[in-house]
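# A look at the structure
Residue-level listing of the chains:
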Amino acid sequence: MADTKPQLISRRSLLRSAGAVGAAAAVGAKGSPAATASSHESQLTPTGEQTSDNKQPRYIFEQLTADEAELLEAIADQLIPEDDLGPGAVAAGAVTYIDRALGGALSESRDAYHSGLAAFDRYCRSSRDAPFLELSHIDQVSVLIDVETGAATGASTGFTGSSSSFFSMLRSHVLQGTFGDPFYGGNQNFVGWDLIRYPGVRTSVWPRLQTQLEAGELSPNHRSAYDSEYFEKAVVRTATKGTYHGD
Amino acid sequence: MATRLPGTDVVIVGLGAAGGVAALPLADAGLDVVGLEAGGRLTRRDFAPDELRNNMRGWPFSVQKCAQEVPTLRRSRSDTAVQGNGHPMMNAVGGTTLHYWAQSWRLNPWDFRVVSATTERYGSSRIPEGSTVEDWPFGYEELEPYYDRVEHEIGVSGQAGNVNGRPDPRGNPFEGARAREYPMPALRWTGFLYRMASSARSLGWQPFPGPAAINSRPYQGRSGCMYHGFCNRGGCHVDAKNSPAVTTIPRAEATGRLTVVTHAHVRRVETDNQGKVTGVTYVQGREEFFQPARFVLLASYTYENVRLLLMSKARAYPIGLSNNHAQVGRHYLSHHQGAGVTALFPSDLHAWYGLPAQGVAVDDWADDNFDHGALDFIGGGNLWVYSDRRPIAAAGMNTFGLAPTWGSAWKAFVRDNADRTNSAYIQKTTLPYDSNYMDLDPIVTDPLGDPVIRITAEYKQNELAVADFLQDKMERWYLEAGAIKVTRGGLGGQMGVSTHAYGGTRMGDNAETNVVNRYGLSHEVPNLGILGASVMGTSGARNPTLTAQALAWRTAAHLASNWRSIVE
């Protein structure tokens, strides 16, 4: 990553703390962040302290550096932006999801993130004379198009392979972090599922529910798979072996 | 030095779809059976509705034995083989049936006699050049009682189209005669599926609901399907998916005759100087064991059946067990399931709560159900439209060139269209060819140092012509139902690692061209039998599992009733 840090406190930094709501609660006794994040009750931090809604627990990045996390959030914010249609990938906690997964199920991608984000940063500085976070919206979009199409590939950037494979990895993980089960730290407050009008995880769908769905009368069910105690037990058993992420 | 265990009558290598079924008739006949399974036991509490874990991360099969022995692939003999990206099967008691789609078709009568039926109707010149296809050693009628038995033993839901020759317009008009109705009615349909069925009828086709090893109502004390949408690559949280893990295996264990050994990695079938097999050697943890048995039934997946035979060389079988005619690995084919068709509709399809086995089928363009006189191929395909959607995959949808793949415009597109696409599943006749085969890779090994399977195979002209023809039909069907955009996948080329892998130990009367006889017993080894789709010589246009299970039951029943003459 670059030695010089951006001097501004970005909107993303603010969004990040909002996006982290519930992430820490995932390690609490209640299991899923979803149950607590969507309620107005006070939440448990990893140490069991009570916190109130107006002082939200912070998410501590475990795999990404501060600069990497900030850059990744800026990219995620372009991929699925917050706009008139509602919250995007940042509010969903997609970066929280990725950071957590890089320590577990996606650990094989860790090097690809470190080297890919560094190459991304070098490409911005060499082609646009500024770090990504300081670029205008239109310049950020044009950089991302270069990376997506493979035009950013080359010795000066140092992408391993084509820049487009880095982009497609990022995109698929941002989708996972926005539309996956909130248990894994993303899709906070079900913003991803609400965006695509997914009616929610249910363990039984009787004919009446399908009829209601087809009639447009079924309200979304805001639940994680692991809000069901039935499956939570299996996860807790895994947790005693040394991981609380369910990976 | 391997620890020698007490002997048993029969050892079954692999307790999946085929081995898990065969255990029951053997145990019921009073034979002592040891079932060796490379995986462990999973229960319904392990099957959470979790798309990330089941579909994105490939849980739990990403950490399986089979994931460490992924075959290498090449298109032809002159290419260098490259290891595939992953193995689609899983190791567990019940095997891949824990999370499969559970479509449980019988083959149609034509599939048993492709050569003679084609020759009678069009002349022998219509058998594609280079194909090694043969008629099965028996017809559909021979297998019917075993299809019937397995459908009732494990539980299959569906709509009959031909009971004892009496047609039922609600079912498949092309199916072979069955002795009785399915034990359960078909899975329910959604509004979209009714619409597709109605559009098929408008085209003059004959749609019907497909069969599934999934309970449409409570059966044998287990729940009916809950339609929650996580069946595809997910296990069933209410045991409504009728894997042997919840049907035949527990019943066989209840007889006291079946001993299940989990985490047993079989490496060799052992042979004595007379050419009889004596049992199998397996690794469990870091220990090696020899399980003596009077009869060995290989019931692992197609790739592993062939690998074990080729690795089990002996004085009597210098190039592999049961391979003195050099037929092990030959007549390989993986079902042509590619060349898909995807459609975009102008309104929501309400597909979130469904499963791949819940759908509408059309068989009018399968097998020889239509005149091929003016066409340049034989066979055809089954068109299958089903209801299945989960959020991450839905958000990652094809944008049909109507929107970019990210940003606000993309976001608006997926908000409107995430529930408006449908992809058809089109299974096509695939034939065996002389140049498509499996052998041991000369370089790549698994962590124990055993070579992995090398697949040399590609789809030929007949398969590509079928694919193109079926895409035309499917596109017509979607447009008739009101689709506003339709896209078609490529026609296919090199064969990949497949869940529908056939051949390699083909069944037939001629020992020169087949590894096992009409009962699934080796032509060369007197006390070796082979189960699974590796014995099938044709694919049909539908999923293989029920046929592999009917054949497994038949082999086991034959073994049990002729035990003395076979083993002594």
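Residue and element names in this part refer to chain B. As for its position among the elements, R389 is in the loop between β16 (381-387) and α8 (391-395). Within the local environment of R389, its side chain forms a polar contact with the side chain of D419, the two groups lying 2.9 Å apart. Polar side-chain contacts of R389 include one of 3.0 Å to the backbone oxygen of T421. When near neighbours in sequence (up to four residues on either side) are disregarded, R389 contacts G229, L349, A351, W352, A394, A418, D419, R420 and T421.

Contacts between chain B and chain A engage 40 residues on the former and 51 residues on the latter. The junction of chain B with chain A conceals about 4,100 Å² of combined surface from both sides, 60% of it contributed by carbon and sulfur atoms. When the shortest N-O distance is used, the salt bridge between K411 of chain B and D83 of chain A registers 2.9 Å. There are 23 residue pairs in polar contact (both at pLDDT 80 or more) connecting chain B and chain A. Contributions of two or more residues to the side of chain B that touches chain A are made by α2 (51-56), α8 and α9 (408-417) of chain B. Ranked by residue count, the leading element in the side of chain B that touches chain A is α9 of chain B, at 7 residues. In the side of chain B that touches chain A, the residues fall into 19 nonpolar, 9 polar and 12 charged.

Here the focus is the packing of helix α5 (residues 191-202) of chain B against helix α10 (residues 461-480) of chain B. All names here are of chain B. Running from N to C, α5 and α10 cross one another at 115 degrees; their axes reach a closest spacing of 9 Å. Classified by the interaxial angle, the pair formed by α5 and α10 is roughly perpendicular. As α5 runs across α10, the sense of the crossing is right-handed. Counting all contacts with α5, which are made through M196, S199, A200 and S202, the residues of α10 involved are M474, W477, Y478 and E480. Looking at the contact of α5 with α10 residue by residue, the class counts come to 5 nonpolar, 2 polar and 1 charged.

What follows deals with the nonpolar core. Of all hydrophobic cores here, the largest spans 178 residues; its most connected members are F120 and F132 of chain A together with V10 of chain B. In this structure F132 of chain A touches L71, A74, I75, Q78, F120, C124, Q140, V143 and L144 of chain A, once residues within four positions along its chain are discounted. If you look at the next biggest cluster of nonpolar residues, it comprises 31 residues, including A197, F370, F377 and V486 of chain B.

Residue and element names in this part refer to chain B. Burial of strand β11 (residues 277-284) is extensive: 6 of the 8 residues sit out of reach of the surface. The sheet contact formed by strand β10 (residues 265-271) and β11 spans 6 bridges and is antiparallel. Directly across from T271, in β11, lies its bridge partner V277. Where β10 folds back onto β11 in an antiparallel hairpin, the turn is made up of 5 residues, including G275, whose phi is positive at roughly 90 degrees. Taken together, the 6 bridges between β11 and strand β12 (residues 287-298) define a ladder with antiparallel strand orientation. Considered in β12, the bridge of Y282 is made with F289. In this antiparallel pair of consecutive strands, β11 and β12, the connection spans 2 residues, and G285 shows a positive phi of 65 degrees.

What follows concerns the sheet that holds strand β5 (residues 82-83) of chain B. All names here are of chain B. Pairing is mixed in the open sheet, where 4 strands are placed in the order β5-β4-β19-β18. Sheet topology places β5 and β18 (437-445) at the edges, where each strand pairs with a single neighbour. With 5 bridges connecting them, β18 and strand β19 (residues 451-456) associate as antiparallel partners. If you follow L440 over to β19, its bridge partner there is I453.

With that settled, the discussion passes to the environment of G354 of chain B. All names here are of chain B. Here G354 lies in the loop between β14 (341-344) and β15 (355-362). A relative accessible area of 0% means that G354 is categorised as buried. With 36 residues separating them in the primary sequence, G354 and R390 have C-alpha atoms 9.7 Å apart. For G354, the residues in contact, after removing those within four places along its chain, are Y227, G229 and S387.

Attention now goes to the side chain of N187 of chain A. All names here are of chain A. Counting through the fold element by element, N187 comes out in the loop between α8 (163-179) and α9 (191-195). Among the residues examined, N187 registers a relative accessible area of 0% and is labelled buried. For N187, the contacting residues outside a window of four places in its chain are A92, G177, T178, F179, G180, P182, G192 and W193.

Leaving glycine aside, a negative phi is the common case for residues, and trans is the common case for peptide bonds. All names here are of chain B. The backbone of Q220 sits at a positive phi, close to 50 degrees, despite the residue not being glycine. With respect to the helices and strands, Q220 occurs in the loop between β8 (208-209) and α6 (248-254). For Q220, a relative accessible area of 40% puts it in the partly exposed group. If you check the backbone angles, H331 has positive phi at about 60 degrees while not being a glycine.

All names here are of chain B. This structure, assessed with the given rule, holds 44 salt bridges over all chains. A salt bridge links E304 to K65; the shortest N-O distance between them is 3.1 Å. Taken together, the residues span a long stretch of sequence, with E304 in helix α7 (residues 302-311) and K65 in the loop between α2 and β4 (72-74) at a distance of 239 residues. Across the pair D450 and R268 runs a salt bridge whose closest N-O atoms are separated by 3.5 Å. Note that D450 is positioned in the loop between β18 and β19 and R268 in strand β10, a separation of 182 residues in sequence. The class for D450 is buried, based on a relative accessible area of 3%.

This brings us to the confidence of the model for chain B. Counting all residues, the mean pLDDT for chain B is 97, and 99% of those residues have values of 70 or more. Confidence metrics for the complex model read pTM 0.91 and ipTM 0.94.

Cut-offs used in this document
- Residues numbered from 1 in each chain as written.
- Chains lettered and ligands numbered in written order.
- Predicted model: local features only at pLDDT ≥ 70, side-chain atom pairs only at ≥ 80, totals over all residues.
- Heavy atoms only, no water.
- Helix = DSSP H or I, 4+ residues; strand = E, 2+ residues; numbered from the N terminus.
- Polar contact = N/O pair within 3.5 Å; in protein donor to acceptor, adjacent residues only side chain to side chain.
- Contact = heavy atoms within 4.5 Å.
- Buried area = accessible area lost by both parts, 1.4 Å probe.
- Salt bridge = Lys/Arg side-chain N within 4 Å of Asp/Glu carboxyl O.
- Nonpolar A, V, L, I, M, F, W, Y, C, P; charged D, E, K, R; others polar.
- Axes fitted to C-alpha atoms, helices over the stretch in contact; angles between N-to-C directions.
- Parallel < 35°, antiparallel > 145°, perpendicular 65-115°, else oblique.
- Left-handed = near helix turned anticlockwise from the far one by under 90°.
- Core = buried A, V, L, I, M, F, W, Y, C linked by side-chain atoms within 4.5 Å.
- Buried < 20%, exposed > 50% of the residue type's maximum accessible area, 1.4 Å probe, protein only.
- Pairing = 2+ DSSP bridges.
- pLDDT = per-residue confidence, 0-100.

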